[in-house]
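# Chains, contacts and geometry: an overview
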Amino acid sequence: MLEEVERWLTARSSKASDWPLARLLDAKRAAGARISVVLPALDEEETVGAIVAAVREDLMEAVPLVDELLVVDSGSADRTAENAAAAGAKVLHRDEILPAVPSVRGKGEVLWRSLAATTGDLVCFVDADLKAFSSTVVTGVLGPLLSDPDIHLVKAMYDRPLVAGSAVLPAGGGRVTELVARPILNLHWPLLAGFVQPLGGEYAARRSLLERLPFPTGYGVETAMLIDTLALVGLDGMAQVDVGVRLHHHQDDAGLGRMASEIMQVAWERLHREGRIVPGEEAVEPHTLMTQFHREAEGFAPRSTDVTVVERPPMRTLLRGQELARPQASGA
Ligand SMILES: O=c1ccn([C@@H]2O[C@H](COP(=O)(O)OP(=O)(O)O[C@H]3O[C@H](CO)[C@@H](O)[C@H](O)[C@H]3O)[C@@H](O)[C@H]2O)c(=O)[nH]1
Ligand SMILES: O=C(O)[C@H](O)COP(=O)(O)O
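In this text the structure is predicted, and so the values were computed from the model without any measurement.

In this structure, the largest pocket encloses a volume near 1,200 Å³. Surrounding the largest pocket, 46 residues form its lining, E44, D129, Y219, Q251 and M259 being those nearest its centre. Counting residues per element, the lining of the largest pocket draws most heavily on helix α10 (residues 253-273), which supplies six residues. Together, 15 residues line the second largest pocket, and W268, E269, H272, E285 and P286 are the ones closest to its centre. No other element matches α10, which puts seven residues into the lining of the second largest pocket. For the lining of the second largest pocket, the per-class residue count stands at eight nonpolar, two polar and five charged.

Time to look at helix α3 (residues 48-61). Owing to its 3.6 residues per turn, the α-helix aligns residues three or four sequence positions apart on the same side. An ideal rise of 1.5 Å per residue puts 20 Å on 14 residues; α3 measures up with 18 Å between its terminal C-alpha atoms. Residues of α3 that are buried: V48, G49, I51, V52, A54, V55, L59 and M60. On its buried side, α3 packs onto α2 (21-31), β2 (35-41), β3 (68-73), α4 (80-86), β6 (130-131) and α6 (136-147).

A word on the environment of I51. Mapped onto the secondary structure, I51 falls in helix α3. I51 sits 79 residues away from L130 along the chain, and the two C-alpha atoms are 7.6 Å apart.

Right, let's get into the nonpolar core. Membership of the largest hydrophobic core comes to 48 residues, with the highest contact counts inside it found for W189, L192, L210 and F215. If we skip the residues at most four places from it in the chain, W189 touches I184, I227, L230, A267, R270, L271, E274 and R276. In terms of nonpolar packing, the next biggest core, distinct from the first, is built from 44 residues, I35, L59, L69 and L122 among them.

Time to look at the site of ligand 2. Taken together, R160, G173, G174, R175, V176, T177, L199, H248, H250 and L256 make up all the residues around ligand 2. Contact distances for ligand 2 include 2.7 Å between an oxygen atom and a side-chain N or O atom of H250. Under a 2 Å grid-point criterion requiring more than half of the atoms, the pocket assigned to ligand 2 is the largest pocket. Ranked by residues supplied to the shell around ligand 2, first place goes to helix α7 (residues 175-188) with three residues.

All right, on to the site of ligand 1 then. Close contacts around ligand 1 come from 19 residues, with E44, K107, D127, Y219 and E222 the closest. One of the side-chain nitrogen or oxygen atoms of D129 is found 2.9 Å away from an oxygen atom of ligand 1. Y219 places a side-chain nitrogen or oxygen 2.6 Å from an oxygen atom of ligand 1. When ligand 1 sits alone it has 670 Å² of accessible area, and the protein chains cover 94% of it. Of all elements in the fold, only β2 and α5 (107-117) reach the threshold of two or more residues within the shell around ligand 1.

A word on the environment of V48. Here V48 lies in helix α3. Classification of V48 by relative accessible area gives buried; the value is 0%. A sequence separation of 218 residues divides V48 from V266, and the C-alpha atoms of the two residues are 28 Å apart. Leave out the neighbours within four places in its chain, and V48 touches L39, V71, T80, N83, A84 and A128.

Now for the packing of α7 against α10. For the pair α7 and α10, the least separation of the axes is 9 Å and the interaxial angle reads 10°. Looking at the two axes, α7 sits roughly parallel to α10. Contacts between α7 and α10 involve R175, V176, V180, I184 and H188 from the former and D253, L256, M259, A260, I263, M264, A267 and L271 from the latter. When the residues that make up the contact of α7 with α10 are grouped by side-chain class, the tally is ten nonpolar, one polar and two charged.

Conventions used here
- Residues numbered from 1 in each chain as written.
- Chains lettered and ligands numbered in written order.
- Predicted model: local features only at pLDDT ≥ 70, side-chain atom pairs only at ≥ 80, totals over all residues.
- Heavy atoms only, no water.
- 1 Å grid on protein atoms, 1.4 Å probe; cavity = no way out; pocket = protein on both sides within 12 Å on 5 of 7 lines; lining within 4 Å.
- Points joined across faces, edges and corners; volume = space filled by probe spheres on them.
- Helix = DSSP H or I, 4+ residues; strand = E, 2+ residues; numbered from the N terminus.
- Nonpolar A, V, L, I, M, F, W, Y, C, P; charged D, E, K, R; others polar.
- Expected span 1.5 Å × (residues − 1).
- Buried < 20%, exposed > 50% of the residue type's maximum accessible area, 1.4 Å probe, protein only.
- Contact = heavy atoms within 4.5 Å.
- Core = buried A, V, L, I, M, F, W, Y, C linked by side-chain atoms within 4.5 Å.
- Near = heavy atom within 4 Å.
- Polar contact = N/O pair within 3.5 Å; in protein donor to acceptor, adjacent residues only side chain to side chain.
- Sits in = over half its atoms within 2 Å of the grid points.
- Areas by Shrake-Rupley, 256 points an atom, 1.4 Å probe, with all protein chains shown as cover.
- Axes fitted to C-alpha atoms, helices over the stretch in contact; angles between N-to-C directions.
- Parallel < 35°, antiparallel > 145°, perpendicular 65-115°, else oblique.

Right under this line is the structure:
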């Protein structure tokens, strides 16, 4: 590990219990900051309601910490939107935000759109598939931002059990993190090697940072955010907070393979932008049709999926000079 990372780990790591509510409320009042919590959600009817209810009850009704709670529906076919609204969130379908810009699929797309539909100076993102959720995830990642103006992005860190059938193994989750993202970051951005959960979906940031970042529309969004934030604010502008244990819905191996491809593309693209990959005379673009196999009665059947990464420009460039019509939300 680089010495700088060792120093950063000591200086910029904390625990959720280091950030009690009373301290955050004082800091929020002093800073005059508004706080938005955003959940990106695609077919999360089983879990979204409990997460919304916890944030609403603990951080909006019991105390005035969170000012705005938005679920962005990423095109769900189930009752995600209804359940989120019933639990007390504002709910917007991705197509209702910036309607003049046609939507594409993906998590990064809805995170990007959420910036145009929220007003918080601080924005906290939380995945909508978390089980046994505690609102200390939100207070934890807000803590360093509320108490230190030099911090711009705070990621949650946690243990990652792996649920396999009815068994819950205490570790082993975060397979793409361990097999793809961590090796890439260590190889090419060793300053980011101290992040325990670089891919985690629970983090908070200043709007002033988020609106300056490009957003890959899919699962490359967290990898891009770490690399681009490092370039914009430096390692000391980032922090991480231990929030305990995280249980979530696991994707199958094929889904994780496609996620890994997107993460690799986002990383290669940034190496290219940083001038670290110099193309030969005949540059060859990556082949972005990914072939995977499944067993059928006759043998292995190939299935190809387009894993092309689309990138949205920094929201600031889009909003500049434009009057944004804030969309009407369903639910509270
Ligand atoms: O097209 C999509 C896909 C996902 N989601 C939501 O995004 C969140 C995370 O998606 P999920 O499929 O559960 O991701 P993971 O397999 O858990 O992937 C991990 O790694 C990804 C890559 O960094 C991160 O985006 C995730 O937040 C992180 O949990 C969930 O609320 C999803 O409903 C969308 O809104 N739209
Ligand atoms: O962060 C990751 O590596 C992916 O979300 C996969 O996580 P899982 O192995 O816990 O499903």
